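Spelled out, the chains give:
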Amino acid sequence: MPAPDVPSAGKASTPPPTPTNSAPVIRDYRAAWTLTGPALILMVLILLVPVAIAGLLSFTDYSLGSDSFNWIGSANYEKLFTRASYEKMFVATLTYVVTVVPLSVALGLGAAILIHSLGRFGALYKTIYFLPVMATLLAMSIAWEFMLHPTIGMLNRTLELGCGTLLERVWPFLANGCADRFPVWLGDKRYAIWVICFIGVWQGFGFNMVLYLAGLTSVHRELYHAAEMDGARSAWDRFRLVTWPALGPTTVFVVTITCIRAFQVFDTVEAFWPQGGGPNKSTYVMMFAIFEKGVQQNLIGIGSAITMLFLTFVMFLTLIQRWLVERKVHY
Amino acid sequence: MTRDWWKHLILILGMIVVIAPFYLMVSYSFKSPGEIERGEGGFFGRQELMVDERCVSLRAPDRKDIAAASQRFPGQTENAIRTALIAEAKSACSMRPVVFNYTKAFSEAPLLRYLLNGIAVTVSIFLIQAVVALPAAYALAKLKFWGREAVFGLVLFCLLIPVHAIALPLYIILAKLGLTNTYAALVVPWTISVFGIFLMRQFFMTVPDDLIDAARMDGMGEFAIVWRVMLPTAIPALLAFAIFSIVAHWNDYFWPRIVVTGNRDLFTPPLGLREFKGDGDGSYFGPMMATATVIVTPLIVAFLLAQKRFIEGITLSGMK
Amino acid sequence: MTELSIVNVTKRFDETDVLKGVSLDIADGEFVSLVGPSGCGKSTLLRIIAGLEAQTSGDIRIAGQSVVDRRAADRNLSMVFQSYALYPHLSVADNIAVPLKMRRLSRLQRLPLAARLLPSGRAASRKIEYDVHQAAKMLEIEHLLNRKPGQLSGGQRQRVALGRALVREPAAFLLDEPLSNLDAKLRVQTRAEIAQLHRRLRATFVYVTHDQVEAMTMSDRIAVMMGGRILQCATPETIYEDPDHIDVAEFICAHKINILPVEIADDGQLHLLDRRLELSVVGAGRGVGSLGLRPEALRLAGENAPIRGHVVHRENLGAELFVQVEVAALKERVTLRANPEQRRALQLGSPVGLEFDPAKALLFDPHGKRLRQLRPTFAAKPEVA
Ligand SMILES: Nc1ncnc2c1ncn2[C@@H]1O[C@H](COP(=O)(O)OP(=O)(O)OP(=O)(O)O)[C@@H](O)[C@H]1O
Ligand SMILES: [Mg+2]
């Protein structure tokens, strides 16, 4: 662009720092790197280097405190895929994810729709359902431990109230409990993982509910009226025609974030079973395995291998989410 | 209301399940061990005076005490004096369960210290995150420079890495540097919030260029612009991010559990609670629940006071 | 027969009466516009007709039958919304097909694959596809059928919304300001198209707008609403030339109507600006009325004219010239429509006298009601001279 020396009027209207305007660019350039520098260095040191280290160590038998280590190839990974205890780890993690994600998404959606349709008290329910999201999970785990205590726990005490009533006839579980004793929720390998799942759902669905509520308020009200005029008589028809499609992007996000959080379950497992990951390792989830193998037992190679696997899962999920969002952008 | 009764029914049932552990936690923190054991006393317990056995046994009179007290009880046998002293100790050690539970929570373990640790760690994490993220976000949003796309690509890539997932290599690095069991270990991995950078960048993109150009015309340098122009405009977004960050780190248990072992002075609140659980016998349920209540309460109260902001902050990650 | 009757409908929201007894009969095939200022209750009335809102009292009849206990989906009406309300995730073709699918297909047939698998569903789907194409053809949007609403311009969206409304044959079409989101040029064009469509379909249209030009150009009749009432419902000509109420006269106008205070004597004789007019009214009490004079009802006159002032502003539109005259005794300026050839006489500041055509004068009583019984009076003439 030629820059002839035109008097004032012309000059004022040109935007001052354009790329052709050399001085600001140089200033920008230096300033920009100074401004991003610290973030960049920290990103590399705290996020990328550790990933690389984990990647490398997963092929070794390194342990903290020893001076040397051996390259052992993919032996760690082979162990992961052959040993029974790691199979239990995958089973526990997948059971947890596959249970908690659909349930907490569905409950979040259900609660959001119910609350959205209510004029009064909606805010109260919203507040209460959000409380577990705010609360320190470790503290709440301990509270749950008391709730589930086999003898003095509130749950079994409540169940006992049902003994001798009609309920006992229609609900075999209750009858069994009354005749013998109620389950030792946290000590029984049949129940342990489901208890963890339940707490996961309990803790997480309020978060999803809030996201869905935000999604619902942004649905244009006239769309519902249009659906009604178009002959969508039942609530289900209107849900299919208007609500569900409008919540598509929210759902993609909610599912991914719930998934990633579900993969990271740790606090409850550690609080209930500080050693060993539950009865018969039935709740031996990946984060706990990393903690136990890598930190407590100093088997860093195997811990790193689990870390790498874990990262792969999480990255894969996020990439799927991004792809879905991208596809949905053009309505 | 009448037509919606079934909705309320469902929501109230859900509410009971959601509230139950909170109810139990607070209720137990009010009750005596006996009441907890037998499940009596409603929500507040009966608050009958109870005797703290440990306190009594600590005050158990030995010979010296008896000798010292003999003047107060002239002409009595040694045994009688002992009984009287024990009775005195008992009355001195008796208190309402709620007082017992909460004093125990603070005296048995340095809970106050834990709380202060928690505050120090969460606040410094947030401050460092902001100091690192704001300039970077500004540069990525508003400055044109060679490599900007690459840096932003790196940010997007790093968003894929949850810090918890790479806890093990981070732990190894810190251990090698001899930094485990320090405050630094609690803070360092969180100093960079890629999410914060991303978020603030998205926010800064909406700030008009004219504002920045005007600041440049006024003679401000880029640093001055970040702190004197961008920061004030970003306060709402930053506040939301602050809530997001503080809630996450106050409640975090996994990372402190890894890098702090043994050194009680560094314990964050969840670690303190965990320790309580470790050595608790039956009689400590009350104090333990009092500790849990104390740890959970600050955020819950803040949440109840500024609900909208909190929900905004916590669901911030939804704004992507 | 699909005439539409609105019988004494009222609506209150919480404390405020939004509709205060609205009655209107719309004949089969008629195009009726509801016009009125913002917030007067037009949309509310339309939504009550549609069944999207429940009236507080009153009755809605379609083809002679009361429909108050029928829900919107069962009233067989079509509506075009102000925001168009297209389903963002469905293609144009699917959007237009929705009302047909909802009505013609059973719930089973509407399941994702059923339309293809069930023989009955296949036939029905083919018929729907055909109907959608017919509607698209009529609106000339065939080439857009595969796009999503987000990829359409405002005008195209508006047409899709129309298509969705007319793909089935409803008892009546309800349109709520369908043009308000279009730019001025497109609005003029679409206005003509909708009018044509109405002529072709011969269906009943109820058209809400706050733009009086739209109402004047498209409708068989205009219902002017204000403050929750219909002040007048008549043909556009009648509404313009013979309004029942001062508010109607003020609302429906190409240029702002001049409202001048007139005194009505006991005998009905009118005085304007302390001058006796050659006009009296029958059957009105003594008081101060208003005289409505449209700019075209005024003309230049000599010294002796009833209204005198001087020119303060001119707007030359080429074909016509509008002149604002300041009159000493009046707060508001008087606007006159003049022939551009009269420019010379109408220089800024030059004194002018204005007289008016008694046949075009609109007299209103103090409450704004029209007084129609005007008579010329000549009696007092000799006194001057
Ligand atoms: N759901 C509601 N609750 C309370 N008041 C309402 C509600 N809907 C409309 N109103 C009120 O009723 C009055 C009429 O509203 P309506 O939408 O019918 O106006 P309108 O004539 O269509 O105006 P516009 O030309 O701006 O669309 C307004 O004062 C509005 O505030
Ligand atoms: Mg309206």
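Residues numbered from 1 in each chain as written. Chains lettered and ligands numbered in written order. Predicted model: local features only at pLDDT ≥ 70, side-chain atom pairs only at ≥ 80, totals over all residues. Heavy atoms only, no water.

Student: What am I meant to see in the overall build of chain C here?
Tutor: In terms of regular secondary structure, chain C is built from nine helices and 22 strands. At 27 Å, chain C has a C-alpha radius of gyration far larger than the 21 Å of a compact globule built from 385 residues. Each principal axis of the C-alpha distribution contributes one length, and for chain C these read about 95 × 45 × 35 Å. When the 385 residues of chain C are sorted by exposure, 50% land in the buried category. Expressed as a percentage of contacts within chain C between residues at least 6 apart in sequence, the contacts between residues at least 24 apart total 66%. (Helix = DSSP H or I, 4+ residues; strand = E, 2+ residues; numbered from the N terminus. Rg over C-alpha atoms; globule rule 2.2 N^0.38 Å. Buried < 20%, exposed > 50% of the residue type's maximum accessible area, 1.4 Å probe, protein only. Contact = heavy atoms within 4.5 Å.)

Student: What exactly am I supposed to notice about the sheet that holds strand E21 (residues 370–371) of chain C here?
Tutor: Strand-to-strand pairing in sheets goes through backbone hydrogen bonds, with the strands running parallel or antiparallel. Residue and element names in this part refer to chain C. Strand order in the open sheet made by the seven strands is E21-E20-E14-E11-E12-E13-E22, with antiparallel pairing throughout. This sheet does not close on itself; its edge strands, each paired only once, are E21 and strand E22 (374–376). The sheet contact formed by strand E11 (residues 258–264) and strand E14 (residues 287–293) spans seven bridges and is antiparallel. Residue pairing in the sheet places Ile 264 in a bridge with Gly 287 of E14. (Pairing = 2+ DSSP bridges.)

Student: Even after reading the chapter, I still don't get the interface of chain C and chain A, so can you show me in this structure?
Tutor: When the parts of a complex come together, some accessible area is lost, and that lost area is often taken as the interface size. Every contact between the two is made by 31 residues of chain C and, on the other side, 20 residues of chain A. Of the roughly 2,200 Å² buried between chain C and chain A, counting both surfaces, carbon and sulfur atoms make up 57%. By the criterion of area lost to chain A, the three top residues of chain C are Tyr 87, His 89 and Met 102 of chain C, representing 24% of everything that side buries. Counting across the chain C and chain A interface gives three salt bridges. Between Arg 233 of chain A and Asp 74 of chain C there is a salt bridge; the shortest N-O distance is 2.6 Å. In this assembly, chain C and chain A are joined by nine residue pairs in polar contact (both at pLDDT 80 or more). Broken down by element, the side of chain C that touches chain A gets its largest block of residues, four residues, from helix H2 (residues 92–104) of chain C. A per-class count over the side of chain C that touches chain A returns 16 nonpolar, six polar and nine charged. (Buried area = accessible area lost by both parts, 1.4 Å probe. Salt bridge = Lys/Arg side-chain N within 4 Å of Asp/Glu carboxyl O. Polar contact = N/O pair within 3.5 Å; in protein donor to acceptor, adjacent residues only side chain to side chain. Nonpolar A, V, L, I, M, F, W, Y, C, P; charged D, E, K, R; others polar.)

Student: How should I be thinking about the environment of Ala 175 of chain A in this particular structure?
Tutor: Of note, Ala 175 of chain A is situated in helix H9 (residues 172–179). Sequence spacing of Ala 175 of chain A and Thr 258 of chain A is 83 residues, and the spatial spacing of their C-alpha atoms is 36 Å.

Student: When you look at the side chain of His 198 of chain C in this model, what are you seeing that I'm missing?
Tutor: Here His 198 of chain C lies in helix H6 (residues 184–201). Setting aside chain neighbours within four positions, we find His 198 of chain C in contact with Gly 29, Glu 30, Phe 31, Ala 203, Phe 205 and Asp 220 of chain C.

Student: Got a minute to help me understand the interface of chain A and chain B in this structure?
Tutor: Contact residues are listed per partner, giving 88 residues for chain A and 97 residues for chain B. Across the interface of chain A and chain B, roughly 8,400 Å² is buried in total on both sides, 80% from carbon and sulfur atoms. On the surface where chain A and chain B come into contact, there are two salt bridges. The salt bridge partner of Glu 270 of chain A is Arg 257 of chain B, with a shortest N-O separation of 2.8 Å. There are 14 residue pairs in polar contact (both at pLDDT 80 or more) connecting chain A and chain B.

Student: How should the nonpolar core be read in this particular structure?
Tutor: The nonpolar side chains of a soluble globular protein tend to be buried with one another. If you look at the biggest cluster of nonpolar residues, it comprises 203 residues, and the most contacted ones within it are Tyr 129 of chain A together with Phe 204 of chain B. Counting contributing residues, this core receives three or more from each of domain 1 (5–97) and domain 2 (111–317) of chain B. Non-local contacts of Tyr 129 of chain A, meaning those with residues more than four positions away in its chain, are made with Ala 111, Ile 115, Phe 205, Gly 206 and Met 209 of chain A together with Ile 10, Leu 11, Gly 14, Met 15 and Val 18 of chain B. Counting 44 residues, the second largest nonpolar core, distinct from the first, contains Leu 46, Phe 81, Ala 171 and Leu 174 of chain C. (Core = buried A, V, L, I, M, F, W, Y, C linked by side-chain atoms within 4.5 Å. Domains from an automatic or database assignment.)

Student: How should I be thinking about the environment of Leu 239 of chain B in this particular structure?
Tutor: Mapped onto the secondary structure, Leu 239 of chain B falls in helix H14 (residues 235–251). Judged by relative accessible area, which is 37%, Leu 239 of chain B ranks as partly exposed.

Student: What's the story with the domain arrangement of chain C in this structure? I'm lost.
Tutor: Residues and elements named next belong to chain C. Considered domain by domain, chain C is made up of domain 1 (4–247) and domain 2 (254–376). Each of domain 1 and domain 2 has a C-alpha centre, and the two are 41 Å apart. Domain 1 puts eight residues into the contact, and the matching count from domain 2 is twelve residues. Here domain 1 packs against domain 2, burying approximately 880 Å² in sum over the two surfaces, 44% of which is carbon and sulfur. Linking domain 1 with domain 2 are three salt bridges, by the criterion used here. In this structure, the salt-bridge partner of Asp 242 is Arg 370, at a minimum N-O distance of 2.6 Å.

Student: Sorry if this is basic, but what is going on with a nonpolar patch on the surface here?
Tutor: Residues and elements named next belong to chain B. A contiguous nonpolar patch, built from Trp 5, Trp 6, Leu 9, Ile 10, Ile 12, Leu 13 and Ile 16 and spanning about 730 Å² of accessible area, is present on the exposed surface. If you trace the backbone, Ile 10 turns up in helix H1 (residues 5–28). For Ile 10, a relative accessible area of 43% corresponds to the partly exposed category. (Patch = residues over 30% accessible without salt bridge, like charges linked within 9 Å, V, L, I, M, F, W, Y side chains within 5 Å. Areas by Shrake-Rupley, 256 points an atom, 1.4 Å probe, with all protein chains shown as cover.)

Student: What exactly am I supposed to notice about the packing of aromatic side chains here?
Tutor: Each aromatic ring pair is characterised by the separation of its centres together with the angle its planes make. Tallied over the entire structure, the rule returns 37 aromatic pairs over all chains. Both rings, one in Phe 30 of chain B and one in Phe 43 of chain B, keep their centres 5.8 Å apart while their planes meet at 90°; by these two values the pair is edge-to-face. With Phe 30 of chain B in the loop between H1 and helix H2 (33–38) and Phe 43 of chain B in the loop between H2 and strand E1 (50–51), this residue pair connects regions lying 13 residues apart in the sequence. Among the aromatic residues, ring-to-ring pairing joins Phe 266, Tyr 284, Phe 288 and Phe 291 of chain A together with Tyr 253 and Phe 254 of chain B into one connected group. Its end group placed over the ring of Tyr 240 of chain C, Arg 294 of chain C keeps NZ or CZ at 3.9 Å from the ring centre. (Phe/Tyr/Trp six-rings, centres within 6.5 Å; stacked < 30°, edge-to-face > 60°. Lys NZ or Arg CZ within 6 Å of the ring centre and 35° of its normal.)

Student: Even after reading the chapter, I still don't get the packing of helix H6 (residues 137–147) of chain A against H1 of chain B, so can you show me in this structure?
Tutor: If you want to describe how two helices pack, look at the angle between their axes and the distance between the axes. Following both chains from N to C, one finds H6 of chain A and H1 of chain B inclined at 90°, their axes separated by 9 Å at the closest point. Classified by the interaxial angle, the pair formed by H6 of chain A and H1 of chain B is roughly perpendicular. Of H1 of chain B, the residues touching H6 of chain A (which contributes Met 140, Ala 143, Trp 144, Phe 146 and Met 147 of chain A) are Val 17, Ala 20, Pro 21, Phe 22, Leu 24, Met 25 and Tyr 28 of chain B. Class assignment for the residues of the contact of H6 of chain A with H1 of chain B results in twelve nonpolar, no polar and no charged. (Axes fitted to C-alpha atoms, helices over the stretch in contact; angles between N-to-C directions. Parallel < 35°, antiparallel > 145°, perpendicular 65-115°, else oblique.)

Student: For this particular structure, what's the right way to read the side chain of His 164 of chain B?
Tutor: When you line up the elements, His 164 of chain B lands in the loop between helix H8 (148–158) and helix H9 (167–176). Residue contacts for His 164 of chain B: discarding those within four places in its chain leaves Gln 264 and Met 287 of chain A together with Trp 190, Asp 252, Phe 254 and Trp 255 of chain B.

Student: Would you mind showing me how to read the site of ligand 1 here?
Tutor: All names here are of chain C. Close contacts around ligand 1 come from Phe 13, Val 18, Ser 38, Gly 39, Cys 40, Gly 41, Lys 42, Ser 43, Thr 44, Glu 177 and His 210, and that covers them all. For ligand 1, an oxygen atom lies 3.2 Å from a polar atom in the backbone of Cys 40. At 2.5 Å, a side-chain N or O of Thr 44 approaches an oxygen atom of ligand 1. A total of 630 Å² of accessible area belongs to ligand 1 in isolation, and the protein chains cover 59% of it. (Near = heavy atom within 4 Å.)

Student: Sorry if this is basic, but what is going on with the pattern of salt bridges here?
Tutor: Side-chain pairs of opposite charge can arise where the charged atoms are in close proximity. Residue and element names in this part refer to chain A. Across all of its chains, the model carries 27 salt bridges over all chains by this definition. Measuring nitrogen to oxygen at the nearest pair gives 3.1 Å for the salt bridge that ties Arg 238 to Glu 228. Note that Arg 238 is positioned in helix H12 (residues 235–246) and Glu 228 in helix H11 (residues 221–229), a separation of ten residues in sequence. For Glu 228, a relative accessible area of 11% gives the class buried.

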